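# Structural characterization, general
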Amino acid sequence: MSSASITARVDKSGPSLARRVAGIVIKVFVGLAVASVYLFLYAPPIVTAIFSFNSSSIQTLPFGHATLGWYRALLNDPQMQAAIYYSLKIALSAVGIAAVFGVAFALIVHRVKFPGRNVFQALLASPLVTPGMVLGISLLVVFHSVSVAPGFLTIVIGHASFVTPLVTFIVLQRLRTSDPSLEQASMDSGAGPLRTFWHVTLPGIRVPLIAACLLGFTLSMDEITVTFFLAGIQGTLPVYVWGLLRFGFTPEVNAAFTIIGGGSLLLIVIATALLVGAGIRPGRRRAQRRAELVTR
Amino acid sequence: MNRETEPMVDPAAALAASPFRAAADVEADAMSDTHQTVVELVSVTKIYSDGADPAVSDLDLSVYEGEFFSLLGPSGSGKTTTLRMIAGFERPTVGRVKLGGGDVTARPPYKRDVSTVFQNYALFPHMKVKDNVAYPLKMRGVPRKQVRLRVNEVLERVAMTGFESRLPHQLSGGQRQRVALARALISRPKILLLDEPLGALDLKLRESMLLVLKHLQREVGITFLYVTHDQSEALAMSDRLAVMNQGRIEQLATPTLVYDKPATSFVAGFIGKTNLLECVRGSARTARAGGLGIQLPADVARERFTLSVRPEAITLGEASRSLENHYAATVVEVLFLGHERELILEVGAQRMTARATGPTAGVGETVEIGWPSAASVVVEETGTWQQSPLE
Amino acid sequence: MAAVATRVVEGPSFGSRVRSVAVRTVLVFPALVWVAVLVLVPNIFLLLYSLWQNDLGTILHHWNVENYRTLFGSQVFQVLLRRTFLIALASAGIATLIAYPLAFLVVRRFGRFKTTAALLILVPLWVSYLMRVFAWRIILGESGVLNSFLKSIGLISKPSSAFLYSTTTVIMTLTYVAIPYVFLVSYTALERVPRHLYEASGDCGASPWRTFWSVVWPLTRPAVVVGFAIGFVLAFGDYVTPSLVGGLSGTMLGSIVLQQFGTANDWPLGAAIAMTILATGLLFLAVVSFFTRLEAQIE
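All residue numbers here refer to positions counted from 1 along the written sequence of the relevant chain. To read the labels, note that chains go from A and ligands from 1, taken in the order they are written. Totals for whole chains, interfaces and linings use every residue, but because this is a predicted model, local features are given only for residues with pLDDT of at least 70 and side-chain atom pairs only at 80 or more, for both listing and counting.

### Regarding the overall build of chain C
Scanning chain C from terminus to terminus reveals 12 helices and 2 strands. Comment: elements are numbered from the N terminus, with helices defined as DSSP H or I runs of at least four residues and strands as E runs of at least two. Seen in sequence order, chain C has helices and strands lined up from the N terminus as α-β-β-α-α-α-α-α-α-α-α-α-α-α. Residues are called buried when their C-beta atom has 20 or more other C-beta atoms within 10 Å, exposed when it has 12 or fewer, and partly exposed otherwise; all C-beta atoms are positioned from the backbone. Looking at chain C as a whole, 44% of its 299 residues qualify as buried. What counts as a contact here is a pair of residues whose C-beta atoms, placed from the backbone, lie within 7 Å. Here the analysis covers contacts within chain C between residues at least 6 apart in sequence; of these, 72% occur between residues at least 24 apart.

### Some details on the domain arrangement of chain B
Residues and elements named next belong to chain B. Examined at the domain level, chain B breaks down into domain 1 (11–113 + 189–265) and domain 2 (273–379). Averaged C-alpha coordinates put domain 1 and domain 2 at centres separated by 33 Å. Contacts between the two partners involve 6 residues from domain 1, matched on the other side by 7 residues from domain 2. Segmentation of the chain into domains, including their bounds, is taken from an automatic or database domain assignment.

### A short note on the sheet that holds strand E10 (residues 248–253) of chain B
Residue and element names in this part refer to chain B. As summarised here, the arrangement of the 6 strands in space is E6-E7-E8-E3-E9-E10, forming an open sheet in which the pairing is mixed. Among the strands making up the open sheet, the edge pair consists of strand E6 (114–117) and E10. Adjacent strand axes in the sheet meet at a mean angle of 20° when their direction is disregarded. Here strand E9 (residues 240–245) runs beside E10; their pairing, made up of 5 bridges, is antiparallel. Paired with Met244 across the strands is Ile249, a residue of E10. The strands that helix H6 (residues 173–185) touches are E6 and strand E7 (191–195); relative to E6, the one it contacts most, it runs at about 175°. Strands are labelled as partners when DSSP assigns at least two bridges between them. As a rule, the C-alpha atoms of each element are fitted with a line to give its axis, helices using only the stretch in contact, and angles between N-to-C directions run from 0 to 180 degrees.

### Quick notes on the nonpolar core
Burial of nonpolar side chains together is a common tendency in soluble globular proteins. Remark: nonpolar core denotes a set of buried Ala, Val, Leu, Ile, Met, Phe, Trp, Tyr and Cys residues whose joining runs through C-beta atoms within 7 Å. Ranked by size, the top nonpolar core spans 166 residues in total, and within it Ile137 and Val167 of chain A together with Ala178, Val182 and Ala274 of chain C carry the most contacts. Ranked by residues supplied to this core, first place goes to helix H7 (residues 167–192) of chain C with 16 residues. Setting aside anything within four residues of it in sequence, one finds Ala178 of chain C in contact with Ser91, Ala92, Ala95, Gly231, Leu234 and Ala235 of chain C. If you look at the next biggest cluster of nonpolar residues, it comprises 102 residues, including Val56, Phe69, Ala242 and Met352 of chain B.

### Quick look at the interface of chain B and chain A
Between chain B and chain A, the residue contacts involve 18 residues of the former and 14 residues of the latter. Within the residue set of the side of chain B that touches chain A, elements represented by two or more residues are E6 and helix H4 (129–139) of chain B. A total of 3 residues in the side of chain B that touches chain A trace back to one element, the largest contributor, which is H4 of chain B. The nonpolar class holds Ala, Val, Leu, Ile, Met, Phe, Trp, Tyr, Cys and Pro. Asp, Glu, Lys and Arg form the charged class, and all remaining residues, Gly among them, are polar. Across the side of chain B that touches chain A, the residue classes break down as 11 nonpolar, 5 polar and 2 charged.

### Concerning the domain arrangement of chain C
Residue and element names in this part refer to chain C. By domain assignment, chain C separates into domain 1 (14–50) and domain 2 (73–298). Counting from both sides, the interface comprises 4 residues of domain 1 and, opposite them, 6 residues of domain 2. Considering only residue class, the side of domain 1 that touches domain 2 consists of 3 nonpolar, 1 polar and no charged.

### A few points about the packing of helix H3 (residues 75–109) of chain C against helix H9 (residues 208–236) of chain C
Residues and elements named next belong to chain C. In contact at an axis separation of 8 Å, H3 and H9 are set at 140° when each is read in the N-to-C sense. Accordingly, the angle class assigned to the pair H3 and H9 is oblique. The handedness of the crossing between H3 and H9 comes out as right-handed. Between H3 and H9, the residues in contact are Thr84, Ile87, Ala88, Leu89, Ser91, Ala92, Ala95, Thr96, Ala99 and Tyr100 and Val224, Gly227, Phe228, Gly231, Phe232, Ala235 and Phe236, respectively. The labels follow the angle: roughly parallel below 35 degrees, roughly antiparallel above 145, roughly perpendicular from 65 to 115, and oblique for the rest. Here a crossing is called left-handed whenever its near helix is offset anticlockwise from the far helix by less than a right angle, and right-handed whenever the offset is clockwise.

### Structural notes on the interface of chain A and chain C
Every contact between the two is made by 61 residues of chain A and, on the other side, 73 residues of chain C. Taken together, the elements giving at least two residues each to the side of chain A that touches chain C come down to helix H2 (17–52), helix H4 (78–111), helix H5 (117–129), helix H6 (132–145), helix H9 (193–222), helix H11 (237–247), helix H12 (252–278) and helix H13 (282–295) of chain A. Considering each element in turn, the side of chain A that touches chain C owes the most residues, 12 residues, to H2 of chain A. In terms of residue class, the side of chain A that touches chain C is made up of 42 nonpolar, 15 polar and 4 charged.

### Considering the sheet that holds strand E11 (residues 275–281) of chain B
All names here are of chain B. Overall, antiparallel pairing links the 5 strands, which are arranged E13-E12-E11-E14-E20 in an open sheet. Strands at the two margins of the open sheet, each flanked by one partner only, are strand E13 (292–295) and strand E20 (376–379). Between one strand axis and the next, the sheet turns through 40° on average, direction left out of account.

If you want it as structure tokens, here you go:
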């Protein structure tokens, strides 16, 4: 490099005006693009919420006046109520099962070295990554062949099959980062394996477990793709709404969606706060499971 | 090793003759006559996986009631594994573990009358200090009123009164350690195992905790088994110590003996600083090392051996002229350590380290050095850790 | 201490070794049963059903591959398969093109708000799937939000019915669904790239573009590919979206399966289609992971 070109470089006093303008334009453009993506993502829930207050009974503009009528109708609709109640029962049952088995499986995977442990983990997690329809149908045909009619039991089992791995992996994550000397200290102090679990291990995983249960509850309440195939005469809330959407429509549905959406959001925020406070991220786990399974 | 039938031997001669087995010294023999054995390991070997080197190899160890016993060694020497086998967290691959005379090899940790103070304290984070400390008693079903009394008593002993309702994360490192100590002491175990408890503390705190631990042990009278890699800790606190290396005990003796009469060159090098001279025997009492003629402290039978000379045993200047081993050395380096100076000297064909408390000759200058043969120790040639005299 | 004449040294007794194996088996057994019954058996049955016959509503356990022959022989099915494949490919592709750069921006340019911004994108994942799809019907319908908006700003004179009930709608909705998943995977991978790599690259004289291309992209490419695969698998097997917003021209394989298990009542055929979907998904994942691993090896 000749000394002349070096001096020429040094003499430049910063980017030219054109350059700077271009920089700003790009920044604005990118900013708009990002904002529009967020808008795109949130448009549906926002629109749903807005329309749930729309007095007009068809899903179009112009907007009528704001009303709580649909919410009132919702609360008075016996079929809707039955569906909500049914969904709650199922969600609680599925989460209950998942909590027990999920923790048990997490402990087993963490503690016991058995051949095929990795295969087990992949198989356990597979309901999380399987397309809902395949999961639903495959379970349905099994139930059919043993003459179990679609209904409460089948739905609970179906939900448990993907909530359990969720619990397992969230709890497992915590077990893996926890201090093993705590359990040793407990045994050193005279507590056997069961008492050590109760007094030391369980309090340690309590928070992630609760968070996982909240997330699982949300998943179960919202579930449609699998539940559709496993439901009998009485449908869960999403199944009932699905029926309404396909074969008729009432605007109550928007109100129902808004309530469910709001409730789910609340639970997720709580769960996230718990997990972030405890050092894990929720959605990350689930999709990370999917991701890990693919790359393995 | 069977102490009772072992004949009384001259320590130095025994050390020169015996291989890696712990050389009994007079004091230890006396102890076995009057004290109970609290812990005994019989031919214990631990191999973690097929083909790997044993973590602990054919270990025999006895710890007596009321003594402060240390396991000293570098990382990987097997000291922590040994401790864990006594606590019950590891099972020996071969051999037996005995507590108070009874065989506990197959017993799980919660059925052993042993308490451990963990390196990272292992305080239960969701329990308050008083619940942490009370835990062992709770597990034993001690009635609540008694629990409270004993918790207060032991907290007072470790100077943690007033902290009952704090949670572990609200405590400093030193405070956590004392709570861990309290939890271990409260069940009045036969023996207290301490796994490098001072490792996480800063220097000043470590020094004060050293004293606390030593006094505590004397007051309470419980046997302590202390594991550390810090030789100054072990020397300062122990009644007896075992120097471990690569799964074996290289020497088991009192701190004085270990320091003054190291059994192997590993022990000589690990404990304090020393100069190790590779000697070739001349006559029974003389040898040559690196071009120097050396007077030995005792008669030696072997052709080749190592001689250990502590830096502080080397006299500098005119005073060295009257000593048996007296040479001219060139100063290679002078290190100012504050309370003294360390000199690295070229003596003959090798380097040696010496100490001086005042100003000395400078780099490149010649200085006279010497040591009395009684201040040197003939050491095993086959020590597993070869080190240069520069360390 | 009694003199020990012979030293009896043994390892753990045979009894205790057996016990620990037995204990382990007992502990692991429920887990294995769970996985066998809830994962292996259903998939096996799915396969079996696809190989059986339907006879006016009852299942004939008559082994044959008629279902598959019918499917793959049918022109309609072929078209549908191709269309579903392309829809899934398009959705996953567009989602990746949107989500990955977005993730990059969030990781690099959002500073303190990085985590919040990321969570905001991920939260919709957990909120009713049905609602999110159905809402597009409101937005895209003839008298819907979009049409009204476009009319009000004068872009169109009368409402267009082109937005809803078409293949495009399906693609757009599926893209919408896939974005958070691809974002999550990309974000995780991008976050793992240590900051000092950017600095070191700049220090070596690379422009931001070169840094991205030579450093960031190779490191995060495997994750992106995984995200793309996830988006594809999700879209390929979906039936909710085509049913709600696809109309006639937007049907996918999923919709047909729905029929077979509903009104058409031909379970074996439905099972066969489901198997096809499953197989395609697995094949896609296998190809993708093969390439990812291959790339990792090259690196």
